[in-house]
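Listed here are the chains, written in short residue letters.
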Amino acid sequence: MNLLESRSDHAEQTDDRSISRGDAAASAFVSAAPRLFTIGLRILQDVGEAEDVVQETWLRWARADRSIVNNPSAFLALTTTRLAINVAQSARRRHETSAGPWLPETSDRSVSPETAAERREAVNTALWLLLERLSPAERAAYLLRIAFDYPYRRISEILHLGEDHARQLVRRARDHLATERRHPISTTAHRRLVRTFLAAAETGDLAELEELLAADLAR
């Protein structure tokens, strides 16, 4: 085989690998799309906006460095949730609904230090608000359901309560986030929640967050 043929074969193999990775990315997204739409619709209560959010999630997924994404399903769900919450918090919807916390861009290591610091500050503020306005049970149910799309049955298992109770907690959390009530906050508890939440959002491993939220109910 001459040098020209060798280079041609190498180029074909590279193209095949690129096509294979593209097919895998598309397959992962298509499999997750119904769940992503459900997440967007639950947060936005608008079919068109939910569809727009799912489309934007695809664009983010197509541009992402997927080699560092360990859990595509978690990445897509978290990205959809973050985008939907951003839409809900926009000026044109702020008068219609009270939105939940802003979520960080998952597995995005290309952002500048300034942007990363801004995102962490946004999470700090959002979780401070949850600590300030929600009871431990409301906070746990709200975070697991809205931020991480847990089914109510799983929430009830983690928090040791009935499914109907879990649904009521999420509804009450939404109502209380729109109020001005204040609970005393421990800065140590806030730092621990921020650290655990960010680790869960970045890795997709929620075991430590589940344990922390469940332990808060027992205190």
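Residues numbered from 1 in each chain as written. Predicted model: local features only at pLDDT ≥ 70, side-chain atom pairs only at ≥ 80, totals over all residues. Heavy atoms only, no water.

**Focus: the overall build of the protein**
If you tally the helices and strands in the protein, you get 10 helices and zero strands. Starting at the N terminus, the α and β elements of the protein follow one another as α-α-α-α-α-α-α-α-α-α. Looking at the protein as a whole, 40% of its 219 residues qualify as buried. Across the protein, contacts joining residues at least 24 apart in sequence account for 64% of those joining residues at least 6 apart. Accessible area of the protein: about 12,000 Å², with a carbon and sulfur share of 51%. (Helix = DSSP H or I, 4+ residues; strand = E, 2+ residues; numbered from the N terminus. Buried < 20%, exposed > 50% of the residue type's maximum accessible area, 1.4 Å probe, protein only. Contact = heavy atoms within 4.5 Å. Areas by Shrake-Rupley, 256 points an atom, 1.4 Å probe, with all protein chains shown as cover.)

**Concerning the packing of helix α7 (residues 152-159) against helix α8 (residues 163-177)**
At a minimum axis separation of 8 Å, α7 and α8 run at an interaxial angle of 100°. Accordingly, the angle class assigned to the pair α7 and α8 is roughly perpendicular. For the pair α7 and α8, contact is made by Y152, R153, I155 and S156 and by E163, A166, R167 and V170, respectively. Grouping the amino acids of the contact of α7 with α8 by side-chain chemistry returns four nonpolar, one polar and three charged. (Axes fitted to C-alpha atoms, helices over the stretch in contact; angles between N-to-C directions. Parallel < 35°, antiparallel > 145°, perpendicular 65-115°, else oblique. Nonpolar A, V, L, I, M, F, W, Y, C, P; charged D, E, K, R; others polar.)

**Quick look at the side chain of N124**
Position of N124 relative to the elements: it lies in helix α5 (residues 113-133). N124 gets classed as buried once you look at its relative accessible area, which sits at 17%. Residue contacts for N124: discarding those within four places in its chain leaves H190 and V194.

**Concerning the packing of aromatic side chains**
To describe a pair of aromatic rings, one takes the distance between the centres and the angle between the planes. Taken as a whole and assessed by the stated rule, the structure comprises three aromatic pairs. When the centroid spacing of 5.3 Å and the interplanar angle of 50° are considered together, the rings of W61 and F75 count as tilted. Placement of the pair is W61 in helix α2 (residues 47-63) and F75 in helix α3 (residues 72-88), with a sequence separation of 14 residues. The buried category is assigned to W61, whose relative accessible area is 2%. We classify F75 as buried; its relative accessible area is 5%. R66 extends its terminal NZ or CZ atom over the ring of W61, reaching a point 5.6 Å from the ring centre. (Phe/Tyr/Trp six-rings, centres within 6.5 Å; stacked < 30°, edge-to-face > 60°. Lys NZ or Arg CZ within 6 Å of the ring centre and 35° of its normal.)

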